[in-house]
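So the chains spell out like this:
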Amino acid sequence: MATEGGGKEMNEIKTQFTTREGLYKLLPNSEYSRPNRVPFNSQGSNPVRVSFVNLNDQSGNGDRLCFNVGRELYFYIYKGVRKAADLSKPIDKRIYKGTQPTCHDFNHLTATAESVSLLVGFSAGQVQLIDPIKKETSKLFNEESSCQHLWKVDWNEERENEGSKTSEEALVTVQRLIDKSRVTCVKWVPGSESLFLVAHSSGNMYLYNVEHSCGTTAPHYQLLKQGESFAVHTCKSKSTRNPLLKWTVGEGALNESAFSPDGKFLACVSQDGFLRVFSFDSVELHGTMKSYFGGLLCVCWSPDGKYIVTGGEDDLVTVWSFVDGRVIARGHGHKSWVSVVAFDPYTTSVEESDPMEFSGSDEDFQDLLHFGRDRANSTQSRLSKRNSTESRPVSVTYRFGSVGQDTQLCLWDLTEDILFPHQPLSRARTHTNVMNATSPPAGSTGNSVSTPGSSAPPPLPRSNSLPHSTVSNAGSKSNVADGAIASGVSKFATLSLHDRKDRHHEKDHKRNHSMGHISSKSSDKLNLVTKTKTDPAKTLGTPLCPRMEDVPLLEPLICKKIAHERLTVLIFLEDCVVTACQEGFVCTWGRPGKVRLSPSPNQATSPGDTVM
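Attention here is on the structure that accompanies the text. Quantities reported herein were computed from a predicted structural model and do not represent experimental measurements.

Calculation rules
- Every chain is numbered on its own, with residues counted from 1 as its sequence reads.
- Local features in this predicted model are restricted to residues whose pLDDT is 70 or higher, and side-chain atom pairs enter the listing and the counts only when it is 80 or higher, whereas totals over whole chains, interfaces and linings include all residues.
- As a rule here, side-chain values cover all heavy atoms of the structure and leave hydrogens and water aside.
- Salt bridges, as used here, are contacts in which a Lys or Arg side-chain nitrogen is within 4 Å of a carboxyl oxygen on Asp or Glu.
- Burial classes: relative accessible area under 20% of the type maximum marks a residue as buried, over 50% as exposed, and values in between as partly exposed (1.4 Å probe, protein chains only).
- A helix here means a DSSP run of H or I that spans at least four residues, while a strand means a run of E at least two residues long, and both kinds are numbered starting from the N terminus.
- Here a strand pair is declared whenever DSSP counts at least two bridges between the two strands.
- Here an axis means a line fitted to C-alpha atoms, over the contact stretch when the element is a helix, while the angle between two N-to-C directions is reported on a 0 to 180 degree scale.
- Our working definition of a disulfide is a cysteine sulfur pair at a distance within 2.5 Å.
- Within 6.5 Å between ring centres, the rings of Phe, Tyr and Trp (the latter by its six-membered ring) count as paired, and their orientation is classed by plane angle as stacked under 30 degrees, edge-to-face over 60, tilted in between.
- Here, a charge over a ring means that NZ of Lys or CZ of Arg falls within 6 Å of the ring centre while also lying within 35 degrees of the ring normal.

**Description of the pattern of salt bridges**
Stage number 1. Per the stated rule, a full pass over the model turns up 11 salt bridges.
Stage number 2. Across the salt bridge formed by Asp 92 and Arg 94, the nearest N and O atoms sit 3.0 Å from each other.
Stage number 3. A residue is classified by how much of its surface remains accessible, and Arg 94, at 1% relative accessible area, is buried.
Stage number 4. Residues joined in a network through salt bridges with shared partners are Arg 20, Glu 21, Arg 399 and Asp 413.

Right, dumping it as structure tokens:
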């Protein structure tokens, strides 16, 4: 869109932007959407989500793309920066009646050129296991088995209206015996071919095994472990059935979960505004953090597992140190809710003062060569060296990004002057402006915990992340129910609470977002959960939620409006960045030096599109 005047420049859709690496450019020929390319009417619809998988195809074109738009689910060959997208030939397309896809995740461990396992969560609470290559539906979870045949799927757009009334009426009568609320997140357990986690808007999360049935009666639960604001139950039955475990976490919806790079820890963000990090095998709570206000909507791990970034209804991105158990920085750039955060493993910058040898074992080095791609693995191994040396001769700058309901893309650099504010720096190495960079508050919980991913495994796949194979630790996952003891989890040291109010500067928003928006309903949860409701005013000013002036405040490297509707996807790939908006357009941004496609004849560029 050409610039017509200085007053309109801020509201224009950008088609390119520049960082220190060079020019990122939107590739209109690589845009994926519904075949008719008509913007989707997103009123009342679930967010558009995108999942990637690489099938290791010998042809060199093994990337596959799945995305949902309204009631529709598409599966395409993803050609990225190499060739233009062909929307007329989806590998698989499904249109659902009476429910909508909300999220999905590929099993990267079992994916081949002939078969791939895709989990799909739905607004009515069901979870479906499908194979888009074989065009098969394997299983349906959280729905009474005798009614599975009533869940209609139309394969061709021409048949979209056939039998729709029958399907919708039938779906109303179907029972969901495990959880009736919307599925918010589905994740395959790292290293497992059969275990997966399903989070719901009820605040519950369930562990399933694809080999087991869900039964024809409602499950009965037995307490396995209980802690502050969470409880874990096993399914009590004569024979093994789904779900294997039920987690009840916090209050309100459980919005997203993410496994650490080594698969040992699970980070969850909820509508009550809390980040909770669990040891997955022992179901122990390892750390918590509270948002500045409002719910937390998204979460991701750094490639080395040392840091977690969250985003949510406070319009901020928050960086939390896993090792120190405290907030180390906040980022301010969005004007509305932050919907997705993601680290960029390909732009994470590692600088070495002296030549150093690889610090891991030969086996670790071979694993790095086997998993992932060259650039990401190089960064991973160097991060391992950085984490394994006391003198810190290796300095690192983490790059992460965020998108939000304000239709803006922000990129951030997390530099050593933020990570180690008391360490003398030999040279300037920050491209992110820092304001109020004071020392972190004293009295942080600072638990002594080994860093997940310190042995430099590849980043794990998430619903919106780079596809990789995962660390093979499937054998340990079966010990969750057997090894844990039904006893309370040790509480963290009591934090001193302050009653004084914070000076809070409000800015313009597109919507009302009072603290009262957070749901406090807990009638559906078991009474065994500890109901210690935290007063947000009392957590402010503590290590759980430091004040704005107590931690460094980052400014984004770039902050660009790139869509007309709210953004719901941000994925960093080796040669491009992928974004998507609620209109159903999945966009590819070529990285500097990676663009191989010629621009579309209708694509115009202007000086106003590039901002240094």
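Read on, since the account is not over.
**Points about the pairing of strand 8 (residues 118-122)**
A regular strand places its side chains so that they alternate between the two faces of the sheet.
Stage number 1. Burial runs high along strand 8: 5 of the 5 residues are buried.
Stage number 2. In the sheet, strand 7 (residues 101-106) pairs with strand 8 via 5 bridges, with the strands oriented antiparallel. Among the inter-strand pairings, Pro 101 is bridged to a residue of strand 8, identified as Phe 122.
Stage number 3. When strand 8 meets strand 9 (residues 127-131), the two strands line up antiparallel, connected through 4 bridges. Residue pairing in the sheet places Val 120 in a bridge with Gln 128 of strand 9.
Stage number 4. Counting the residues between successive antiparallel strands, the hairpin from strand 8 to strand 9 contains 4 residues, one of them, Gly 125, with a positive phi of roughly 105 degrees.

**Observations concerning the sheet that holds strand 10 (residues 136-141)**
Stage number 1. Read from one edge to the other, the open sheet built from 4 strands follows the order 7-8-9-10, with strand pairing classed as antiparallel. Every other strand in the sheet has two partners, leaving strand 7 and strand 10 as the edge strands with one partner each. Across the sheet, the axes of successive neighbouring strands diverge by a mean angle of 20 degrees, strand direction being ignored.

**A word on the state of the cysteines**
Stage number 1. As enumerated under the stated definition, the model contains 0 disulfides in all.
Stage number 2. Cys 300 provides the cysteine sulfur closest to Cys 298, a residue in no disulfide bond, and the two sulfurs are 7.6 Å apart.

**Concerning the packing of aromatic side chains**
Note on aromatic pairs: each is described by the distance of the centres and the angle between the planes.
Stage number 1. For the structure on display, the rule yields 26 aromatic pairs.
Stage number 2. Each ring, one from Phe 52 and one from Tyr 78, has its centre 4.9 Å from the other, and the planes form 75 degrees; the classification is edge-to-face. Of the two residues, Phe 52 is situated in strand 3 (residues 50-54) and Tyr 78 in the loop between strand 5 (72-77) and strand 6 (92-96); the sequence distance between them amounts to 26 residues. Across the pair, exposure class does not vary: Phe 52 and Tyr 78 are buried alike.
Stage number 3. In this structure an aromatic cluster arises from ring pairing among Tyr 32, Phe 52, Phe 67, Tyr 74, Tyr 76 and Tyr 78.
Stage number 4. Between Lys 290 and the ring centre of Phe 274, over which it is positioned, the NZ or CZ distance is 5.9 Å.

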